[in-house]
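Observations on the three-dimensional arrangement
Given next are the chains, with one letter for each unit.
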Amino acid sequence: MTSLINSNCNDTFLIVGDFNMSDITWLASEGDAMSPSVLSQNYLLDFIDTLNLCNLRQYNSISNGFGRILDLVLSNIDVKVMECPDPLVTEDKYHKSICVQLVIPISSSLPVKPRKKFAYSRANYESISKDIAQIDWTDKLSHGDVDTATDTFYRLIYDLRNKHVPMRPSVKQCHPPWFNTALIKVLKEKYKHWRKYKTYGNNSDYHSFKILRDRAKKVEKDCYISYIRGIESSIAKNPKMFWSYMKDKRGSSSFPSCMSYAGVVSDSGQGISELFSKFFHSTFNNVVDTSDNDIDNHLDIPSVCDIASIDIDIAEIERLLKSLDLSKAAGPDDLPASFITNCATELSLPIAIIFRRSLNEGVVPRKWKSAFISPIHKAGPKDRVGNYRPISKLCLVAKVFERIVYRQLYNQLKTSFSPAQHGFLRGRSTVSNLILFNNFITEQMDSGNQVVAVYTDYSKAFDRIDHKLLIKKLRNVGVRGNLLKWFVSYVQNRSQAVVLNGFSSSWMSIPSGVPQGSLLGPILFIIFINDIESCFLNSEYLLFADDMKVFRVVNDAPDAMLLQDDLHRLDDYCSANKLDLNVDKCFFINFTRKRHHFHISLSLKDKALNQVLHTKDLGVTHDSKLLFDIHINNIIGKACKAMGFLIRVSKPFRSMKTIKILYCAYVRSHLEYASEIWNPRYNMYIDRLERVQRRFTRFLGFKFKLPRLPYEQRCTKLHLLPLYVRRDISDVLFLAKILRGIIDSPEILSKIALRVPYHLTRKRPLLHVPSANCNYRQNSFLVRACNTYNRIFTESEIDLFCSSLSKIKNFFIDESVELK
């Protein structure tokens, strides 16, 4: 017996049913009581996928006297299931009496503060540009210091904005977005006649009400259809509008009207913004070293490079101003991208003057060191301030300045960055990081060794960088003169304020850290931890920004001691550089398939590290045996949930192209991220992944009344490639990028070799395939990708070094079609 509770509030579903999940699991393993049944396993997997498709979870964990769970409690929100202390009837031995506690939070949203806005879309940019060009900027910006010149620039620009840009009040949206003026007018007339009928009881008023009611239904239907068609067509013309619609469908992004932090509760917009400001400020190091940075006495330190100035080109500034993303919001200077872009030619001169003065004087304007902070919900209850993370919004002109400095600084320092760092560097990514890591593990496991990897975690690493130490390290890498003074000014005396729904908190100073949301912040952090390699004399390590893993072969006690020595040096390094290692979140994993492996214990800060059997590393779940079955199950679960959302939200859509774009963005992306790492070898995993796309193609065929065809033919008709083909293409293209230097990883490149035969053969494969003893080594990226290339491209005219990537991809697709 199954009962369904559906609450219209937030689309909450609760299903309580008598269903033997344990029997399904037993059936999947026992089959016909003689041998495992693939059919039964498929039924179980289909059932689990269907639960994910409907966004349901099973919450009942109370078993009966036989250790079985017969009653399922499925819900799309968290519910609490307890044993019933006082059953109303005699309890069945097979069915425990349970109580289900369902709490549906019903909270109002924080109102938006009404305020007037500038209507930049209706501005007279021709007149604004003409007035800007008539100002003698060289004279206006030559008086006082840089801050005075910057204030003068903004004062003159604000005067022109106030003169040529009209104001409009912010209008509260009281109706659904598809309502237009005609529909609102009909609804008002309908309600007017309804009220008259209820007051006077006149039948003519009721007759008018019926006519208006039918008309309102027709007009509303037409408006909704027109709105949906506009949303569908906007994916090519205005993608932001389309994805805003999708984001709204995924869930409300508004803030609750009452929030709490550290025992303090606030129900006002100003109070909530102050709570957020207090929480975000607590992540910084409040101990400020007020001693001056002695810059001039350290100019003779030898370094890899020497950079003391930045070249400012007006043409480059104009190009960057015109290339600003129009969807980006304005920062604290209240100048949006639309205004700056339309006046880019005229604004480039005064902005170049301020840039040059700033660099020559070694001072960053005070206005450009402030930031607006927007809270973004992570997970957990929305009324808890601690469940949010900050997003910084800087002045757009300041970001253009940073881009110019970043480009020239990066070009000077790019050869000095550690090859183990793969975060925020061109040509490196999470995939290049994981390929090196997995290649080391599979190579050592194939040789009979076991590998121990230690994963570290820092508490708010970007926010707790000590400024004095950062400047010292900038000096050591070769930043000199006024540019070093400029960086001192850049990181110090910064401020931030939290803004939400038109409310703003008070400004608070930032005593530590690098500016998040900026272009220079990540590269400054990389420079700060670039010398961490001195800790690892006995082990390998890899970094992605602050995510670090330390690993080495550990077969016996001496190997374990060598790894522990490196961890001691890492502890000393973090203490000396004021980095806070969160030992409770640090752990290690032992990669081996030996039955009897060496047991190891490690410690950090005199605390024993926990050992885990699997971990999520840069989005890919690694288990101790490198099976990747947990990862595949996880991504299939995510993809099924995303596809369930897609099916529900695309019900009114009539464009197949739109639904396919949604599938590629929301569903297929889960199934393909970093596939170079976990591309499965066994058919059971390949079919399991393919089943998701097979279900989607059946959905498209049903929705658009397509003829029933086999899966591969459906993919061809819908212009979709099977997922296993796309994974192989991804392998070959990534291999080509490594050989061409697009992927900047000399370590990976050094492991790829050309095949030099001892004698002539009929087939002449280009790449050497490393030998492998075990399946997991044979399925590692470098072995698998070289094998795939040799198998497909050996007798073709495709040149792995010169042919375009699109040509390689198209040839691979053609060959795959012929092999079917």
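As the structure is a computational prediction, the values presented were derived from the model and not from experiment. (Residues numbered from 1 in each chain as written. Predicted model: local features only at pLDDT ≥ 70, side-chain atom pairs only at ≥ 80, totals over all residues. Heavy atoms only, no water.)

What about the overall build of the chain?
The helix and strand inventory of the chain stands at 28 helices and 24 strands. Over its C-alpha atoms the chain spans a radius of gyration of 31 Å, differing by no more than 12% from the 28 Å that the globule rule assigns to 820 residues. With respect to the principal axes defined by its C-alpha atoms, the chain has extents near 100 × 90 × 65 Å. Going through the 820 residues of the chain one by one, you find that 47% of them count as buried. (Helix = DSSP H or I, 4+ residues; strand = E, 2+ residues; numbered from the N terminus. Rg over C-alpha atoms; globule rule 2.2 N^0.38 Å. Buried < 20%, exposed > 50% of the residue type's maximum accessible area, 1.4 Å probe, protein only.)

Notes on the layout of surface pockets
Estimated volume of the second largest pocket: approximately 970 Å³. Looking at the second largest pocket, it is lined by 27 residues, and the ones nearest its centre are Tyr458, Lys460, Ala461, Gln516 and Asp546. Listing elements by their share of the lining of the second largest pocket, those giving two or more residues are α9 (269–281) and β12 (388–393). Split by residue class, the lining of the second largest pocket holds 11 nonpolar, eight polar and eight charged. (1 Å grid on protein atoms, 1.4 Å probe; cavity = no way out; pocket = protein on both sides within 12 Å on 5 of 7 lines; lining within 4 Å. Points joined across faces, edges and corners; volume = space filled by probe spheres on them. Nonpolar A, V, L, I, M, F, W, Y, C, P; charged D, E, K, R; others polar.)

Concerning the pairing of strand β17 (residues 540–544)
Bridge count for β17 against strand β18 (residues 547–553) is five bridges, and the pairing is antiparallel. Note on β18: the bridge partner recorded for Leu542 is Lys549. Hairpin connection of β17 to β18: two residues between the antiparallel strands, including Ala545 at a positive phi of 60 degrees. (Pairing = 2+ DSSP bridges.)

A short note on the nonpolar core
Nonpolar side chains tend to gather and get buried jointly when the protein is soluble and globular. Ranked by size, the top nonpolar core spans 192 residues in total, and within it Phe355, Trp368, Trp486, Phe487 and Ile532 carry the most contacts. It is helix α13 (residues 396–413) that provides the largest number of residues to this core, a total of 11 residues. Here Trp486 is in contact with Ser358, Leu359, Gly362, Val363, Val364, Phe401, Val405 and Leu520, once residues within four sequence places are set aside. Counting 14 residues, the second largest nonpolar core, distinct from the first, contains Phe255, Met259, Phe276 and Tyr388. (Core = buried A, V, L, I, M, F, W, Y, C linked by side-chain atoms within 4.5 Å. Contact = heavy atoms within 4.5 Å.)

Brief notes about the pattern of salt bridges
Close approach of charged atoms allows side chains of opposite charge to pair. By the definition in use, this model includes 22 salt bridges. Across the pair Glu316 and Arg407 runs a salt bridge, and its minimum N-O distance is 3.0 Å. Highlighted residues: Glu316 in helix α10 (residues 314–322) and Arg407 in helix α13, separated in sequence by 91 residues. Judged by relative accessible area, Glu316 falls into the buried class, the value being 10%. On the accessibility criterion, Arg407 (32% relative accessible area) is partly exposed. Ionic pairing is found between Arg428 and Asp744, a salt bridge with its closest N-O pair at 3.7 Å. One end of the pair, Arg428, is in the loop between α13 and α14 (430–446); the other, Asp744, is in the loop between α24 (723–740) and α25 (746–749), and 316 residues separate them in sequence. With relative accessibility at 13%, the residue Arg428 sits in the buried group. Each member of the salt-bridge network shares a partner with another, and the members are Asp147, Asp151 and Arg366. (Salt bridge = Lys/Arg side-chain N within 4 Å of Asp/Glu carboxyl O.)

Focus: the sheet that holds strand β19 (residues 587–591)
Across the sheet, five strands lie side by side as β17-β18-β13-β19-β22; this open sheet has mixed pairing. Each having just a single partner strand, β17 and β22 (610–612) make up the two edges of the open sheet. Neighbouring strand axes in the sheet, compared pairwise and without regard to direction, differ in orientation by 25 degrees on average. Across five bridges, the pairing between strand β13 (residues 451–456) and β19 is antiparallel. (Axes fitted to C-alpha atoms, helices over the stretch in contact; angles between N-to-C directions.)

Comments concerning the UniProt feature "domain: Reverse transcriptase" (unreviewed entry) in the chain
According to UniProt, the positions carrying the feature "domain: Reverse transcriptase" (unreviewed entry) are residues 357–604. In residues 357–604, the share of helix is 37% and the share of strand is 21%. The end C-alpha atoms are 48 Å apart. (UniProt positions renumbered as here; feature names shortened; annotations may be inferred.)

What about the packing of helix α22 (residues 683–703) against α24?
Taken N-terminus to C-terminus, the directions of α22 and α24 make an angle of 110 degrees; their axes are 9 Å apart at the nearest point. Between α22 and α24, the crossing angle belongs to the class labelled roughly perpendicular. The segment α22 lies against α24, with Ile686, Leu689, Glu690 and Gln693 engaging Leu723, Tyr724 and Arg727. Per-class residue counts for the contact of α22 with α24 are four nonpolar, one polar and two charged. (Parallel < 35°, antiparallel > 145°, perpendicular 65-115°, else oblique.)

Overview of empty space enclosed by the protein
The final tally for this structure, using the stated rule, is five cavities of 30 Å³ or more. Each pocket or cavity is described by its volume, and for the largest cavity that value is around 210 Å³. Along its surface, the largest cavity is lined by 20 residues, and Phe284, Ser392, Gln496, Ile510 and Gln516 are the ones closest to its centre. Breaking the lining of the largest cavity down by element, the ones donating at least two residues are β11 (370–377), β12 and β14 (494–500). Among the elements that make up the lining of the largest cavity, the one with the highest residue count is β14 (three residues). Looking at side-chain class alone, the lining of the largest cavity contains 10 nonpolar, eight polar and two charged residues.

Some thoughts on the environment of Val451
Mapped onto the elements of the fold, Val451 is located in strand β13. For Val451, a relative accessible area of 0% translates into the label buried. For the pair Val451 and Phe280, spaced 171 residues apart in sequence, the C-alpha to C-alpha distance is 39 Å. Those residues within four positions of Val451 in sequence are excluded, and the remaining contacts are Phe440, Ile441, Gln444, Phe551, Arg552, Val553, Ile589, Asn590 and Phe591.

Observations concerning unusual backbone geometry
Of note, Phe424 is a non-glycine position whose phi angle comes to about 60 degrees, a positive value. By secondary structure assignment, the location of Phe424 is in the loop between α13 and α14. In this model, Asp606 sits at a positive phi of 65 degrees, which is unusual for a non-glycine residue. Structurally, Asp606 can be placed in the loop between β20 (603–604) and β21 (607–608). Judged by its relative accessible area of 78%, Asp606 is exposed.

Quick notes on the packing of aromatic side chains
Across all of its chains, the model carries 48 aromatic pairs by this definition. Taking the centre distance of 5.2 Å and the plane angle of 70 degrees together, the rings of Phe153 and Tyr154 count as edge-to-face. The same class applies to Phe153 as to Tyr154, namely buried. For the ring pair Phe437 and Phe551, a centre distance of 5.0 Å and an interplane angle of 70 degrees mean the geometry is edge-to-face. With Phe437 in helix α14 and Phe551 in strand β18, the pair connects residues that are 114 residues apart, well separated along the chain. A relative accessible area of 0% means that Phe437 is categorised as buried. (Phe/Tyr/Trp six-rings, centres within 6.5 Å; stacked < 30°, edge-to-face > 60°.)

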